[in-house]
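Fold and geometry: a report
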Amino acid sequence: MATPKEILNPLRNSVSYSLDASPTATFHSPPATGSFMASLAMRAAAKQLKPFNTEDIKILLLENVNQTGRDILTAQGYQVEFLKTSLPEDQLIEKIKDVHVIGIRSKTKLTAKVLQEAKNLLVIGCFCIGTNQVDLEYAAKQGIAVFNSPFANSRSVAELVIAEIITLARQLGDRSLEMHRGTWNKVSNKCWEVRGKTLGIVGYGHIGSQLSVLAEAMGISVIYYDVVSLMAIGTARQVPTLDALLDEADFVTLHVPETPETKNLLSTKQFELMKDGAYVINASRGTVVDIPALVKAMRAGKIAGAALDVFPNEPAANGDYFTTDLNGWAEELRGLNNIILTPHIGGSTEEAQRAIGIEVADALVRYINQGTTLGSVNLPEVNMRSITLDESNHARIIYIHRNVPGVLRKVNEILGDHNVDKQISDSKGDIAYLMADVSDVRHEDIKDIYDSLDSLSSRIMTRVLY
Ligand SMILES: NC(=O)c1ccc[n+]([C@@H]2O[C@H](COP(=O)([O-])OP(=O)(O)OC[C@H]3O[C@@H](n4cnc5c(N)ncnc54)[C@H](O)[C@@H]3O)[C@@H](O)[C@H]2O)c1
Ligand SMILES: O=C(O)CC[C@@H](O)C(=O)O
């Protein structure tokens, strides 16, 4: 009968080999820890190997990523450094140099300049919806996967916008401020019910469509404009152009991504096209509204109120000032009536942040441990069933490469001497992602395979998991 030590050996053995060339090259299973019975129970329950040395994985989490995400990552045995704020570029460059994983939210700018310093970086987790803060193309060219949480905070944003629609229609912000200052000002002039009014939603995606349902429940008519043709929910109606929406809507709310096309989507011309006394809500990205033009339109009485949750330049941390140093028009904005200014809190609820923490951390673990790219926003989505504990001499080869002719032939020449159990390859633009599970491989074989793949001219990143 096998001794406890022998039973655990297959896991332990896999720790003994590593390549010096690159920390991204080879990962292997963690040593078994804890009592024998506990380890045995774990083995029996676990279906998947964790094919790498977890202690080697360094993760930097910025911007107060939720505890749920931190717990999942630390439970894997990764070295997790956690900071509540984002970092200025020079400090970010210093920190990113030796980490394998970085977790951010909307404020950390991962530009090409920053990413080119990240020599060990495997994967970026955006613990939010937006990925505009990351140079996705550059990351893909370096073989760095990017994951986000595409809809875990959509409902929170939609609920905030509902609150803002009523708050603006009833001038609640101003009344509350007056009371805080000791002034009683009971007015009904230009205060409205929302029932029977028209909400114009620009961008009918996850958030826009949620909002549509909530708004209709309050007796609001919904129209929407989107660059793609989308099925209307309830009695909402798609309109063919932004101008058509602006012409009809009492409230205009923006739910588009930050792209070159959405920059200043609402500017002087668009405000002129809107109904007199209409309202503007922006909880998408700060660049989507031309704020100086909004200030003018509000001063002229054309726009009766606005709610802004996002700004072109946002402070790095709580407690930082929101001043003209950051955005030249900050004082003018603050001086307006019936304007709600919030510090990018659309997705900031306990529910959303917990769900995002779990979703993104799980995606990171899957990618680190198994190479699965399902849900990646910049690499082709490739998934294969996990290597199981019964398959102790198997290795998973991951070869991220330039999508040029002849690569698969060369890869298969290298893998040809081995038993390839499964193989899958997919491409996205110039980048291709190949995953192959090879059985009956010895440590020497793994090194040969790694070295041979890594020397191909098409190589972007090679990883071997076992
Ligand atoms: N304030 C916050 O805290 C917060 C929270 C979550 C998301 N957001 C922002 O909201 C944006 C929208 O989120 P989502 O989950 O609904 O995204 P989504 O991708 O589900 O929907 C976006 C929609 O916008 C449409 N679109 C793109 N360009 C357009 C254009 N030029 N004109 C009209 N429509 C256009 C798309 O076709 C899509 O249907 C995100 O990109 C993010 O920047 C902000
Ligand atoms: O939490 C954040 O920082 C970003 C929230 C939101 O803008 C998103 O993109 O999900």
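Definitions and cut-offs
Residues numbered from 1 in each chain as written. Chains lettered and ligands numbered in written order. Predicted model: local features only at pLDDT ≥ 70, side-chain atom pairs only at ≥ 80, totals over all residues. Helix = DSSP H or I, 4+ residues; strand = E, 2+ residues; numbered from the N terminus. Buried ≥ 20, exposed ≤ 12 C-beta atoms within 10 Å, placed from the backbone. Contact = placed C-beta atoms within 7 Å. Axes fitted to C-alpha atoms, helices over the stretch in contact; angles between N-to-C directions. Parallel < 35°, antiparallel > 145°, perpendicular 65-115°, else oblique. Left-handed = near helix turned anticlockwise from the far one by under 90°. Nonpolar A, V, L, I, M, F, W, Y, C, P; charged D, E, K, R; others polar. UniProt positions renumbered as here; feature names shortened; annotations may be inferred. Pairing = 2+ DSSP bridges. Near = placed C-beta within 6 Å. Core = buried A, V, L, I, M, F, W, Y, C linked by C-beta atoms within 7 Å. Domains from an automatic or database assignment.

Details of unusual backbone geometry
Even without glycine at this site, Asn338 takes up a positive phi of about 50 degrees. For Asn338, the location among the structural elements is in the loop between α13 (330–334) and β13 (339–341). For Asn338, a count of 21 C-beta atoms within 10 Å gives the class buried. With a phi angle near 50 degrees, His344 is a residue other than glycine that sits in the positive phi range. Summarising the element assignment, His344 is placed in the loop between β13 and α14 (350–370). Accessibility expressed as a C-beta count within 10 Å gives 19 for His344, which makes it partly exposed.

Points about the environment of Phe271
Within the fold, Phe271 resides in helix α11 (residues 268–273). Phe271 gets classed as buried once you count the C-beta atoms within 10 Å, which come to 22. In the structure, Phe271 is positioned 117 residues away from Ser154 in sequence and 27 Å away in space, judged by C-alpha atoms. Leaving out residues up to four positions away in the same chain, Phe271 has contacts with Leu266, Ala293, Leu294, Ala297, Lys302 and Ile303.

Regarding the packing of helix α15 (residues 407–415) against helix α16 (residues 443–454)
The angle between the axes and the distance between the axes are what describe a pair of packed helices. Relative to each other, α15 and α16 sit at 160 degrees, their axes nearing to 10 Å. Comparing their axes, α16 and α15 come out roughly antiparallel. For α15 against α16, the interelement crossing comes out right-handed. Residues Val411, Ile414 and Leu415 of α15 form the contact with α16, whose own contacting residues are Ile449, Ser452 and Leu453. The residue inventory of the contact of α15 with α16, partitioned by class, reads five nonpolar, one polar and no charged.

A short note on the UniProt feature "domain: ACT" (unreviewed entry) in the chain
Using the residue numbers shown here, the UniProt feature "domain: ACT" (unreviewed entry) corresponds to residues 396–466. End-to-end, the C-alpha atoms of residues 396–466 are 6 Å apart, and along that stretch the chain is 30% helix and 46% strand.

Section: the sheet that holds β13
The strands making up a sheet are joined through hydrogen bonds of the backbone, oriented either antiparallel or parallel. Spatially, β9-β8-β7-β10-β11-β12-β13 is the arrangement adopted by the seven strands of the open sheet, whose pairing is parallel. Because the sheet does not close on itself, it has two edges, and the strands there are β9 (237–238) and β13. Relative to strand β8 (residues 221–225), strand β7 (residues 198–202) runs parallel, the two being bridged by five bridges. By the bridge assignment, Gly200 is partnered in β8 with Ile223. Against the sheet, helix α9 (residues 206–217) makes contact with β7, β8 and β10 (251–254), and its axis sits at roughly 165 degrees relative to β8, the strand it touches most.

Side note on the site of ligand 2
In the vicinity of ligand 2, the contacting residues are Arg105, Ser106, Cys128, Ile129, Gly130, Asn153, His344, Gly346 and Gly347. When the residues that make up the shell around ligand 2 are grouped by side-chain class, the tally is two nonpolar, six polar and one charged.

Section: the environment of Thr241
Inspection of the secondary structure assignment puts Thr241 in the loop between β9 and α10 (242–248). Taking the C-alpha atoms as reference points, Thr241 and Ala316, 75 residues apart in sequence, are found 36 Å from one another.

Examining the nonpolar core
In terms of nonpolar packing, the biggest core is built from 68 residues, with Ile59, Val101, Val123, Ile124, Ile144 and Leu364 touching the most fellow members. By residue number, the principal contributor to this core is α14, which donates eight residues. Residues in contact with Val123, not counting those within four places in the same chain, are Val101, Ile144, Ala145, Phe147, Leu364, Tyr367 and Ile368. Within the second largest apolar cluster, 51 residues are counted, among which are Ile207, Tyr225, Ala249 and Val280.

Details of the site of ligand 1
In the vicinity of ligand 1, 32 residues are found, and the nearest of them are Gly203, Gly205, Ile207, Pro257 and Gly346. Elements represented by at least two residues in the shell around ligand 1 include exactly α7 (154–169) and α9. Element by element, the count of residues in the shell around ligand 1 is highest for α9, at three residues. Partitioned by chemical class, the residues of the shell around ligand 1 number 13 nonpolar, 14 polar and five charged. Three or more residues apiece are contributed to the shell around ligand 1 by two domains, here domain 1 (5–151 + 351–465) and domain 2 (154–341).

Remarks on the sheet that holds strand β2 (residues 58–61)
With parallel pairing, five strands are arranged side by side in an open sheet as β3-β2-β4-β5-β6. Each edge of the sheet is formed by a strand with only one pairing partner; in this case those strands are β3 (79–82) and β6 (145–147). In this sheet, neighbouring strand axes are inclined to one another by 15 degrees on average, regardless of whether the strands run parallel or antiparallel. Strands β2, β3 and β4 (101–104) of the sheet are contacted by helix α3 (residues 67–75), whose axis makes an angle of about 155 degrees with β3.

Structural notes on the domain arrangement of the chain
Looking at the assigned domains, one finds that the chain contains domain 1 (5–151 + 351–465) and domain 2 (154–341). Contacts between the two partners involve ten residues from domain 1, matched on the other side by nine residues from domain 2. Within the side of domain 1 that touches domain 2, the residues separate by chemical class into three nonpolar, four polar and three charged.

Observations regarding the environment of Asn148
If you trace the backbone, Asn148 turns up in the loop between β6 and α7. Residue classification places Asn148 among the buried positions, given that 22 C-beta atoms sit within 10 Å. Placed 213 residues apart in sequence, Asn148 and Ala361 show a C-alpha to C-alpha distance of 9.6 Å. Residue contacts for Asn148: discarding those within four places in its chain leaves Cys126, Cys128, Ile129, Thr131, Val360 and Val377.

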